[in-house]
Amino acid sequence: YLNEAEVNDFNVDPERLFYCTVADGIGGANAGELASEIAIKIFQDSISENKKASISNNDMGNFLRNTILLAHDKICEVSRDDPSKTGMGTTIVVASINLNGLCVAWSGDSRAYLWSPKPLKNRDQRLGLNQMELLTSDHSLVWEQVESGDISPEEARVHHLSHIINQNLGSI
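In this text, all values refer to a predicted model and were calculated from it rather than measured experimentally.

Remarks on the nonpolar core
Stage number 1. If you look at the biggest cluster of nonpolar residues, it comprises 21 residues, and the most contacted ones within it are Ala39, Phe43, Leu64, Ile68, Ile75, Ile92 and Leu169.
Stage number 2. Residue assignment for this core shows that the elements contributing at least two residues are α1 (32–50), α2 (57–81), β2 (90–98) and β3 (101–107).
Stage number 3. Setting aside anything within four residues of it in sequence, one finds Ile92 in contact with Thr21, Val22, Ala23, Ala39, Phe43, Ile68, Ala105, Trp106, Ser107, Ser110 and Leu169.
Stage number 4. Residues Leu134, Trp143, Val146 and Ile151 belong to the second largest nonpolar core, which totals six residues.

Things to note about the sheet that holds β3
Stage number 1. Here we have three strands laid out as an open sheet, ordered β1-β2-β3, and antiparallel in their pairing. Each edge of the sheet is formed by a strand with only one pairing partner; in this case those strands are β1 (18–25) and β3. When strand polarity is set aside, the average angle formed by the axes of neighbouring strands in this sheet is 10°.
Stage number 2. Strand direction decides the pairing type here: β1 and β2, joined by eight bridges, are antiparallel. Bridge pairing links Gly25 to Thr90 in β2.
Stage number 3. Of the strands in this sheet, β1 and β2 are in contact with α1, which crosses β1 at around 165°.

Calculation rules
Residues numbered from 1 in each chain as written. Predicted model: local features only at pLDDT ≥ 70, side-chain atom pairs only at ≥ 80, totals over all residues. Heavy atoms only, no water. Core = buried A, V, L, I, M, F, W, Y, C linked by side-chain atoms within 4.5 Å. Buried < 20%, exposed > 50% of the residue type's maximum accessible area, 1.4 Å probe, protein only. Helix = DSSP H or I, 4+ residues; strand = E, 2+ residues; numbered from the N terminus. Contact = heavy atoms within 4.5 Å. Pairing = 2+ DSSP bridges. Axes fitted to C-alpha atoms, helices over the stretch in contact; angles between N-to-C directions.

What follows is the structure, given as structure tokens:
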């Protein structure tokens, strides 16, 4: 969301960073909704703490990675301290955007896409959309099979093991 003070004739300050974060609590696991809340809160706090610090585009990847690891550690700590939360987890995808570029980090099967008003060469075959390109690869058993050529992206979409992710925040 941009307010009028941040926009001048649709020009955004090139030094201003925007963040987009999606954390999807793992269904079927204990307290997935709490794990996703923790992850979002950690990102909000980290962004607030670093708002005044100038993070270069080169350092942004490390910032996102370290914040994901911090969220992972906190989720594991809460899970250890409260037996009713054992096994909780969440997937996450976060993007930082400014006029100089885009940086994306993720864990699990939450995805980031590039959208274009024109058809893309490397469009996402799974969705059949010619204006979207997948920027992330799922951390899942089925997506490993796609990447190794064992199954097609179309087969992955309806695979009976598509729900098994092998990396997420909270997994040990």
